[in-house]
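Structure at a glance
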Amino acid sequence: MPRFAANLSMLYPEHDFLDRFEAAAADGFEAVEYLFPYEHEPRELAARLAQHALQQALFNAPPGDWAKGEKGLACLPGREEEFRTSIGEALRYAQVLNCPRIHVMAGLVPEGTERAQLRSTYVNNLRWAAREAGGVDLLIEPINTRDIPRFFLNRQDHAHELIEEIGEPNVKVQMDLYHCQVVEGDVAMKIRQYLPTGRVGHFQIAGVPQRHEPDLGELNYCYLFDVIDEVSASCGWTGWVGCEYRPARGAAPNGTREGLGWMKQRRGR
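Everything quoted here is computed from the prediction, not taken from an experiment. Sequence order as written defines residue numbering, which begins from 1 separately in each chain. Only residues with pLDDT of at least 70 are given local features in this predicted model, and only at 80 or more are side-chain atom pairs given and counted; all residues enter the totals for whole chains, interfaces and linings. Hydrogen atoms and water are omitted, and side-chain values are computed over all heavy atoms in the structure.

Thoughts on empty space enclosed by the protein
To locate leftover empty space, one rolls a probe as large as a water molecule over the atoms. Definitions used for this entry: grid spacing 1 Å over protein atoms alone; cavity, a set of points where a 1.4 Å probe fits but cannot get out; pocket, an open set with protein on both sides within 12 Å along at least 5 of 7 lines; lining residue, one with an atom within 4 Å of a point. Grid points are joined across faces, edges and corners, and a volume is the space filled by probe spheres set on the points. Under the criterion given, the structure shown has one cavity of 30 Å³ or more. Residue polarity is assigned by list, with Asp, Glu, Lys and Arg as charged and Ala, Val, Leu, Ile, Met, Phe, Trp, Tyr, Cys and Pro as nonpolar; anything else, Gly included, falls into the polar class. Its residues placed into classes, the lining of the largest cavity shows eight nonpolar, two polar and no charged.

Observations concerning the packing of helix H7 (residues 187-194) against helix H8 (residues 221-235)
Orientation of H7 relative to H8, taken along the N-to-C sense of each, is 15°, at an axis distance of 10 Å. By the angle between their axes, H7 is roughly parallel relative to H8. For the pair H7 and H8, the sense of crossing is right-handed. Between H7 and H8, the contacting residues are Val 187, Ala 188, Ile 191 and Arg 192 on the first element and Tyr 223, Leu 224, Val 227, Ile 228, Glu 230 and Val 231 on the second. Grouping the amino acids of the contact of H7 with H8 by side-chain chemistry returns eight nonpolar, no polar and two charged. As a rule, the C-alpha atoms of each element are fitted with a line to give its axis, helices using only the stretch in contact, and angles between N-to-C directions run from 0 to 180 degrees. The secondary structure listing takes helices from DSSP runs of H or I that are at least 4 residues long and strands from runs of E that are at least 2 residues long, numbered from the N terminus. Throughout this description, any angle smaller than 35 degrees is read as roughly parallel, any larger than 145 degrees as roughly antiparallel, any in the 65 to 115 degree range as roughly perpendicular, and the remainder as oblique. Note on convention: the crossing is left-handed when the near helix lies turned anticlockwise from the far helix by less than a right angle, right-handed when the turn is clockwise. Every residue pair with non-hydrogen atoms within 4.5 Å of one another is taken to be in contact.

So, the nonpolar core
If you look at the biggest cluster of nonpolar residues, it comprises 85 residues, and the most contacted ones within it are Phe 21, Phe 29, Ile 102, Tyr 122, Ile 191 and Phe 203. Of the residues forming this core, the biggest block, seven residues, is contributed by helix H3 (residues 80-97). With residues near it in sequence (within four places) discarded, Ile 102 still touches Leu 58, Phe 59, Asn 60, Ala 61, Ala 90, Leu 91, Ala 94, Val 136, Asp 137, Leu 138 and Leu 139. Put simply, buried Ala, Val, Leu, Ile, Met, Phe, Trp, Tyr and Cys residues joined by side-chain atoms within 4.5 Å make one nonpolar core. Note on classification: 1.4 Å probe, protein chains only; a residue is buried when its accessible area is under 20% of the maximum for its type, exposed when over 50%, partly exposed between these limits. Of all hydrophobic cores here, the second largest spans six residues; its members include Ala 57, Leu 58, Leu 139 and Trp 240.

Considerations on the pairing of strand S6 (residues 171-176)
The buried fraction of S6 is high, at six of six residues. Each parallel crossover has a hand, and for strand S5 (residues 137-140) linked through helix H5 (residues 156-166) to S6 it is right-handed. Orient the strands so they point away from the viewer, and a crossover whose first-strand-to-second-strand path over the helix runs clockwise is right-handed.

Section: the packing of aromatic side chains
The geometry of two aromatic rings is summed up by the distance between their centres and the angle between their planes. Geometry of aromatic contacts follows a simple scheme: Phe, Tyr and Trp rings, the Trp one being its six-membered ring, pair when their centres are within 6.5 Å, and the pair is stacked under 30 degrees between planes, edge-to-face over 60, tilted otherwise. All told, the structure shown has 13 aromatic pairs when counted by the stated rule. Seen from their ring centres, Phe 4 and Trp 262 are 5.0 Å apart, and the 90° between their planes marks the pair as edge-to-face. Residue Phe 4 is found in strand S1 (residues 3-7), and its partner Trp 262 is found in helix H10 (residues 261-267); the two are separated by 258 residues along the sequence. Take Phe 4: its relative accessible area is 1%, and that puts it in the buried class. What links up through ring pairs into an aromatic cluster is the set Phe 4, Tyr 221, Phe 225, Tyr 245 and Trp 262. The residue whose ring lies beneath Arg 3 is Trp 240, and the NZ or CZ to ring-centre distance is 3.9 Å. One Lys or Arg, Lys 71, reaches over the ring of Trp 66 and ends 4.5 Å from the middle of that ring. Put simply, a charge is over a ring when the Lys NZ or the Arg CZ is close to the ring centre, within 6 Å, and near the line of the ring normal, within 35 degrees.

Some details on the pairing of S1
Extensive coverage of S1 is indicated by the burial of four of its five residues. The rule for pairing is simple: two strands pair if DSSP sees at least two bridges between them. When S1 meets strand S2 (residues 31-33), the two strands line up parallel, connected through three bridges. Bridge pairing links Asn 7 to Glu 33 in S2. Read from S1 through helix H1 (residues 20-26) to S2, the crossover connection turns out right-handed.

Concerning the sheet that holds strand S3 (residues 55-60)
With respect to topology, eight strands assemble into a closed barrel ordered S1-S2-S3-S4-S5-S6-S7-S8, the strand pairing being parallel. Neighbour to neighbour, the strand axes of the sheet diverge by 30° on average, direction disregarded. Sheet strands in contact with helix H4 (residues 119-133) are S5 and S6, and its direction is about 155° off that of S5. Sheet strands touched by H5: S5, S6 and strand S7 (200-205). Its angle to S6, the strand with the most contacts, is close to 170°.

Some points on unusual backbone geometry
With an omega of 15°, the peptide bond between Val 208 and Pro 209 qualifies as cis. Mapped onto the fold, Pro 209 is located in the loop between S7 and H8. For Tyr 12, which is not a glycine, the phi torsion comes out positive at approximately 60°. Mapped onto the secondary structure, Tyr 12 falls in the loop between S1 and H1. We classify Tyr 12 as buried; its relative accessible area is 2%. One non-glycine residue, Arg 211, adopts positive backbone phi at about 60°. Structurally, Arg 211 is set in the loop between S7 and H8. The exposure class assigned to Arg 211 is buried, which follows from its relative accessible area of 8%.

Written as structure tokens, this is what we have:
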């Protein structure tokens, strides 16, 4: 059965962020992920993980000025020093949190710029960061352009092509099945194609099209979990599936918990 990690940036919005660790553990999650940890000291977060017997599965490197709409620095010429500083900060947190994966957001294609013009900057930045990261995996994620217009990386084949060019074994794909379905579909076959390559470091899930619970919408996650189980058994994949969705009940009391029927059903099989 896939191992599920609660995304604390989206789940349990009825709680303050630091209280979401306890809520996730109470609902049976054994790991957590979130977008950014940088508003809190790493030792404070590590204490929450230890208190509730949780693993840190993933978080994102600093993305630039998020409040102004920046979505990563990796592809942006002229921002290399800022990118390197952001990787250093992320690795500092990863060490304290004992986190084996960091998502490095690619960034937006600037207006009037062709995507191909950014490729060498992106490849060089990820290659440098991978060598700095040592035993930490750096993940790149194709994201759909409906949610984030002009995002540099959108397709699974593009991500795997870039990883081959980067040529570092600790650069892997964060395969978000929600984004994959929105952009290109054929999700089950893409799992079968890419998971055995060893280049998939993490999955994320959400219902399509509204990004609510995975049992709401057009994707048959019960079937997709079976595919992940089947392929994992043959290739030895043991990673996490991040639950990066917005609860349909919003911030209502126990809204996230009431929407976890899909996970309870899976565990009861």
